[in-house]
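These are the residues of each chain, in order.
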Amino acid sequence: MTASEMQPRWHHPPVRSFWKSLGPAERAAYAQEATEQRFQPGTVLFHEGTYASHVMVIKTGWATISAYIDGQERIIAIRGPGDLIGERAGLTRLVRSATVAALGDVTGMVVPAKRFRRLIAQHSSMRRVLESQERDRLAEDDKFLGGDVAAAEHRLAYLLRELTVRRGQQTPAGPTLSLPISPDEIARWVDANAEEIGRILGAWRRRGLISTKRHRLRIIDVRRLGEIYRPAAPQPPMPSGLNCSIFYVDVAEFGALHRDESDRQVVRKRLYEILRQVFDRSGVRWDVCHHEDRGDGVLVVVPPELPTRSVADPLLALLAAELRRHNRRASAAVRIQLRAALHVGPVTWDGEGVNGDAIIHTARMLDSPPLRRALRMARADLAFMASDYVFDTVLRHSPGLVDAREFAPVRFALKESQITAWLQVASSDPAAAHSVAEAVAASEPAGASRSAPERGDRPATHAHFHEAVRVKGDLVLGDKIIER
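Source: prediction; values computed, not measured. (Residues numbered from 1 in each chain as written. Predicted model: local features only at pLDDT ≥ 70, side-chain atom pairs only at ≥ 80, totals over all residues. Heavy atoms only, no water.)

Undergrad: Mind showing me how you'd approach the overall build of the protein chain here?
TA: Looking only at helices and strands, one finds 17 helices and 20 strands in the protein chain. Scored against the burial criterion, the 484 residues of the protein chain give a buried share of 52%. The contacts in the protein chain between residues at least 6 apart in sequence include a share of 73% that link residues at least 24 apart. With an accessible surface of roughly 22,300 Å², the protein chain has 50% of that area assigned to carbon and sulfur atoms. (Helix = DSSP H or I, 4+ residues; strand = E, 2+ residues; numbered from the N terminus. Buried < 20%, exposed > 50% of the residue type's maximum accessible area, 1.4 Å probe, protein only. Contact = heavy atoms within 4.5 Å. Areas by Shrake-Rupley, 256 points an atom, 1.4 Å probe, with all protein chains shown as cover.)

Here it is, written out as structure tokens:
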């Protein structure tokens, strides 16, 4: 079947879709290798964990992409006419990292993975389209993560508006979109409960923003829908030149071949959820900190009036526990191994963001060979580096959840800097993790003359809890009294 024979039956593929972004020669080449197939509602097109045997361009209909996050199946994306699905696993020959299912009736152009790889090798412009679309999807995710999406109504309004603008049908009254989706499926997409979604949809129906039938949602007024989503207010500028705590994190192997763009969206979304949670639980409110997205990581600057001790302890222990909880339930493609660094110093605000020597120092600790090597050797959830100043003033004598004896001193050279810092690997086996940290420290050419605190360096302590003791996953929390 030729491309010209197939083209009239396309159901309004959007201009920015994979299919419409291809040139006539590439469309013809793909169509020549493709077999048209039809799928009933609910049919699983690709199974998570299976090897890729084929890829598909959606011709008509919609499909959901879902993955298990913290033990629950969540819809992480919705794809429609003109979109290519299954391509990452097809190119890398790895197992699929998500499940794709038909959302209503779907017609697709299916190409065997081996032939698809040959098409990409023969048509460089087709690869460029793939790379461009991946960048666009990550940029869309950046915008979503940067907004005020705490409320389910805001999240749903944002997702539907963006999908309608990019994938809807243009009419004189503006773009419109009809999705064969149920309230339960919407709830899994927005990460909310079905009862709350029902209330939101009912309110929107009464206001004339949408119409609904059984398993069918139609967007009527996308402009007013966009007004519901409230972008986050600009973060207030930090007082320039004052000492601030600087916390910098980076996801290891974020761009590795075993992840596709959907995996990276899951990783980034989950990373922000974890960071917000552990900051708030540590008494360092996320919304009063300045944070800058760095693609595969986040730079957080804590206002000078908030103590560094809270950023170090209990935040580090909470972060390690949440990462461990996520990774126990996550597939390899969405597992999060995190490098983190903490420093304190003057931060300058220039209207475009934050800068200063302290920011550079923190970035170099985060990017240091010892920290990367420790995370790789221990295969841990978190490898953390504290500056010499933070360790001496905060961590060395901390009586909280972070134990200074788990740190190893390390000295290394990076670019024009000679840096002394303290390395910790968070693991379910602290002794083994400490051995890795010491081995990494000992392997550095510059060596490290300072020694980690011995058990005898600390006065004997006794702790007892009063009132309620709360068990939170791997942590036991409560008000405790430390006696020396």
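Undergrad: Hey, could you run me through the sheet that holds strand β7 (residues 169-171) in this one?
TA: Read across the open sheet, the 4 strands follow the order β7-β8-β10-β9; overall the sheet is antiparallel. One side of each edge strand has no neighbouring strand; the edge strands of this open sheet are β7 and β9 (210-213). Neighbour to neighbour, the strand axes of the sheet diverge by 20 degrees on average, direction disregarded. Strand direction decides the pairing type here: strand β8 (residues 174-179) and strand β10 (residues 216-219), joined by 3 bridges, are antiparallel. Residue pairing for β10: L177 is matched across the bridge by I219. (Pairing = 2+ DSSP bridges. Axes fitted to C-alpha atoms, helices over the stretch in contact; angles between N-to-C directions.)

Undergrad: Is there a simple way to think about the packing of aromatic side chains in this case?
TA: Any pair of aromatic rings gets described here by the distance separating the centres and the angle formed by the planes. Counted by the stated rule, this structure contains 7 aromatic pairs. Note on F279 and W286: the rings are 5.3 Å apart at their centroids and 75 degrees apart in plane angle, and the pair reads as edge-to-face. The same class applies to F279 and to W286, which are both buried. Ring plane angle 5 degrees and centroid distance 3.9 Å describe the contact between F391 and W422, whose orientation is recorded as stacked. With F391 in helix α16 (residues 388-395) and W422 in strand β18 (residues 417-426), the pair connects residues that are 31 residues apart, well separated along the chain. The class of F391 is buried, set by a relative accessible area of 0%. W422 gets classed as buried once you look at its relative accessible area, which sits at 0%. By the ring-pair criterion, three or more aromatic residues cluster together here, those being F247, Y272, F279 and W286. The side chain of R96 reaches across the aromatic face of F46, ending 3.9 Å from its centre. (Phe/Tyr/Trp six-rings, centres within 6.5 Å; stacked < 30°, edge-to-face > 60°. Lys NZ or Arg CZ within 6 Å of the ring centre and 35° of its normal.)

Undergrad: When you look at the pairing of strand β3 (residues 54-69) in this model, what are you seeing that I'm missing?
TA: One face of the sheet, then the other: side chains in a regular strand alternate in exactly this way. Of all 16 residues that make up β3, 13 are buried, and the element is covered over most of its length. Relative to strand β6 (residues 99-112), β3 runs antiparallel, the two sharing 11 bridges. Bridging from a neighbouring strand, V57 pairs with M109 of β6. Taken together, the 2 bridges between β3 and strand β5 (residues 84-85) define a ladder with antiparallel strand orientation. Looking across to β5, one finds that M56 is bridged to I85. Across 7 bridges, β3 lies against strand β4 (residues 72-79) in antiparallel orientation. Directly across from T64, in β4, lies its bridge partner I78.

Undergrad: In this structure, what is going on with the pairing of strand β11 (residues 242-251)? I would like to understand it.
TA: For β11, the tally of buried residues reaches 8 of 10 residues, placing the bulk of the element in the interior. Across 10 bridges, the pairing between β11 and strand β14 (residues 338-349) is antiparallel. Following the sheet pairing, F247 is matched in β14 by L342. Note that β11 and strand β13 (residues 297-302) share 6 bridges and pair antiparallel. Within β13, the residue paired with D250 across the bridge is G297.

Undergrad: It is not clear to me how the environment of Q32 should be interpreted in this structure. Could you clarify?
TA: Structurally, Q32 can be placed in helix α3 (residues 24-33). For Q32, a relative accessible area of 68% translates into the label exposed. Taking the C-alpha atoms as reference points, Q32 and V111, separated by 79 residues in sequence, lie 9.3 Å from one another.

Undergrad: Got a minute to help me understand the environment of V266 in this structure?
TA: Summarising the element assignment, V266 is placed in helix α11 (residues 261-281). It is 8.3 Å that separates the C-alpha atoms of V266 and I69, two residues lying 197 residues apart in sequence. Ignoring any residue separated from it by four or fewer positions in sequence, one finds V266 in contact with I69, I76 and V334.

Undergrad: Is there a simple way to think about the side chain of H290 in this case?
TA: Checked against the element boundaries, H290 lands in strand β12 (residues 290-293). For H290, the side chain forms a polar contact with the side chain of E292, separated by 2.8 Å. (Polar contact = N/O pair within 3.5 Å; in protein donor to acceptor, adjacent residues only side chain to side chain.)

Undergrad: Mind showing me how you'd approach the pattern of salt bridges here?
TA: Should their charged atoms come close, side chains of opposite charge can pair. By the definition in use, this model includes 22 salt bridges. Here R339 and D250 are joined by a salt bridge, their closest N and O atoms 2.9 Å apart. Taken together, the residues span a long stretch of sequence, with R339 in strand β14 and D250 in strand β11 at a distance of 89 residues. Overall, the relative accessible area of 4% leaves R339 in the buried class. Judged by its relative accessible area of 11%, D250 is buried. One salt-bridge network, held together by shared partners, links R74, D191, K269, R270 and E273. (Salt bridge = Lys/Arg side-chain N within 4 Å of Asp/Glu carboxyl O.)

Undergrad: Help me understand the packing of helix α7 (residues 152-167) against helix α9 (residues 194-206) in this model?
TA: Helix packing for two helices is described by the angle between their axes and how far apart those axes are. With their axes 10 Å apart at the nearest point, α7 and α9 run at an angle of 65 degrees to one another. The way α7 lies across α9 gives a crossing that is right-handed. Facing α7, whose interface residues are A152, E153, L156, A157 and L160, α9 presents E196, I197, I200, L201 and W204. A per-class count over the contact of α7 with α9 returns 8 nonpolar, no polar and 2 charged. (Left-handed = near helix turned anticlockwise from the far one by under 90°. Nonpolar A, V, L, I, M, F, W, Y, C, P; charged D, E, K, R; others polar.)

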